[in-house]
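Given next are the chains, with one letter for each unit.
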Amino acid sequence: MAVKALIVRDGHVLMNRVVTSDGEVLYGPPGGGQDHGEDQVAALIRECREEIGAEVEVHQVACVYEVISDLRLLDSSRIDLFHQVNVAYWCGLAEGQEPGVGSDPDPGQEGTDWLPIGRLDQFEIHPPGLAQWLDSDPSSRPVGLGPLPL
């Protein structure tokens, strides 16, 4: 189980920028796993502090999606089957906060970028189905997305 932050401002969504061992640039929402005894909101606040170096305000659940893979994202090496349920929350940056690189970024994370929602298809978003969901009509977005291919 992991939590993800969907932070939207002026038609752009904040994404972590990750560079693979081959130099490919990938994007994904900030967030990660919960520590033992930590609720989802506390985990998301901590993960954002670690990854984007900013305090966030967590609002409501945006969607739930699964990721299933047998390849490591950073170098495409084989791994034991990975299956993760992600709960994505709509979030905002706390007053006076701006994103960057936090105190404990993910492996390969080199920063954050505000990506235009209407042009997410021009970027390597992981999972791609999340980009399609963000670019869809808000009135028809399902909450449960099921498994999304990487």
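Residues numbered from 1 in each chain as written. Predicted model: local features only at pLDDT ≥ 70, side-chain atom pairs only at ≥ 80, totals over all residues. Heavy atoms only, no water.

Caption draft 1: Fine view of the overall build of the chain. A tally of regular secondary structure across the chain gives two helices and eight strands. Starting at the N terminus and ending at the C terminus, the chain contains elements arranged as β-β-β-β-α-β-β-β-α-β. The C-alpha atoms of the chain give 14 Å as radius of gyration, which agrees with the globular expectation for 150 residues (15 Å, within 12%). Counting only C-alpha atoms, the chain reaches 40 × 35 × 30 Å along its principal axes. Scored against the burial criterion, the 150 residues of the chain give a buried share of 43%. By sequence separation, contacts in the chain at least 24 residues apart represent 68% of the contacts at least 6 residues apart. For the chain, the accessible surface area stands at approximately 7700 Å², while carbon and sulfur atoms represent 49% of it. (Helix = DSSP H or I, 4+ residues; strand = E, 2+ residues; numbered from the N terminus. Rg over C-alpha atoms; globule rule 2.2 N^0.38 Å. Buried < 20%, exposed > 50% of the residue type's maximum accessible area, 1.4 Å probe, protein only. Contact = heavy atoms within 4.5 Å. Areas by Shrake-Rupley, 256 points an atom, 1.4 Å probe, with all protein chains shown as cover.)

Caption draft 2: Structural view of the nonpolar core. Counting 19 residues, the largest nonpolar core has Tyr 65, Leu 120, Trp 133 and Leu 134 as the members making the most contacts within it. Listing elements by their share of this core, those giving two or more residues are β2 (12-19), β5 (56-71), α2 (128-134) and β8 (144-148). Setting aside anything within four residues of it in sequence, one finds Trp 133 in contact with Leu 6, Ala 62, Cys 63, Trp 90, Arg 141, Pro 142 and Leu 145. One finds Ile 7, Cys 48, Ala 54 and Leu 93 within the second-largest nonpolar core, a separate group that totals 15 residues. (Core = buried A, V, L, I, M, F, W, Y, C linked by side-chain atoms within 4.5 Å.)

Caption draft 3: Helix α1 (residues 40-52), seen in detail. Its 13 residues give α1 an end-to-end C-alpha distance of 17 Å, which sits within 8% of 18 Å, the value for a rise of 1.5 Å per residue. Looking only at α1, the buried set comprises Ala 43, Leu 44, Arg 46, Glu 47, Cys 48, Glu 50, Glu 51 and Ile 52. For α1, the capping residue at the N-terminal end is Asp 39, with a side-chain oxygen 3.1 Å from the backbone nitrogen of Val 41. Once α1 ends, the next one or two residues include Gly 53, with phi positive near 65 degrees. (Expected span 1.5 Å × (residues − 1). Polar contact = N/O pair within 3.5 Å; in protein donor to acceptor, adjacent residues only side chain to side chain.)

Caption draft 4: Structural detail: the pattern of salt bridges. A complete count under the given rule lists seven salt bridges for this structure. Residues Arg 46 and Glu 47 are paired through a salt bridge, measuring 3.1 Å at the closest nitrogen-oxygen approach. In this pair, the class of Arg 46 matches that of Glu 47, namely buried. Glu 55 is paired through a salt bridge with Arg 49; the nearest N and O atoms lie 2.6 Å apart. Taking relative accessible area as the criterion, Glu 55 reaches 29% and is therefore assigned partly exposed. Several salt bridges share partner residues, and in doing so they unite Asp 35, Glu 38, Arg 46, Glu 47 and Glu 50 into one network. (Salt bridge = Lys/Arg side-chain N within 4 Å of Asp/Glu carboxyl O.)

Caption draft 5: Representation of unusual backbone geometry in the model. Between His 126 and the following residue, Pro 127, the backbone shows a cis peptide bond with an omega angle of -5 degrees. Its place among the elements puts Pro 127 in the loop between β7 (109-116) and α2. The backbone phi angle of Asp 10 is positive, close to 50 degrees, even though this residue is not glycine. Taking the relative accessible area as the measure of exposure, Asp 10 reaches 70% and is therefore exposed.

Caption draft 6: Structural context of the pairing of strand β3 (residues 25-28). Pairing between β2 and β3: four bridges, direction antiparallel. Looking at the pairing, Val 19 lines up with Val 25 of β3. From the end of β2 to the start of β3, which pair antiparallel, there are five residues, and Gly 23 there has a positive phi angle of about 85 degrees. (Pairing = 2+ DSSP bridges.)

Caption draft 7: Local environment of the environment of Gly 32. Turning to its location among the elements, Gly 32 is positioned in strand β4 (residues 31-33). For Gly 32, a relative accessible area of 11% corresponds to the buried category. Separated by 107 residues in sequence, Gly 32 and Ser 139 have C-alpha atoms that sit 27 Å apart. In contact with Gly 32, other than residues within four places in its own chain, are Ala 2, Val 3, Lys 4 and Glu 47.

That is the geometry; function is a separate question.
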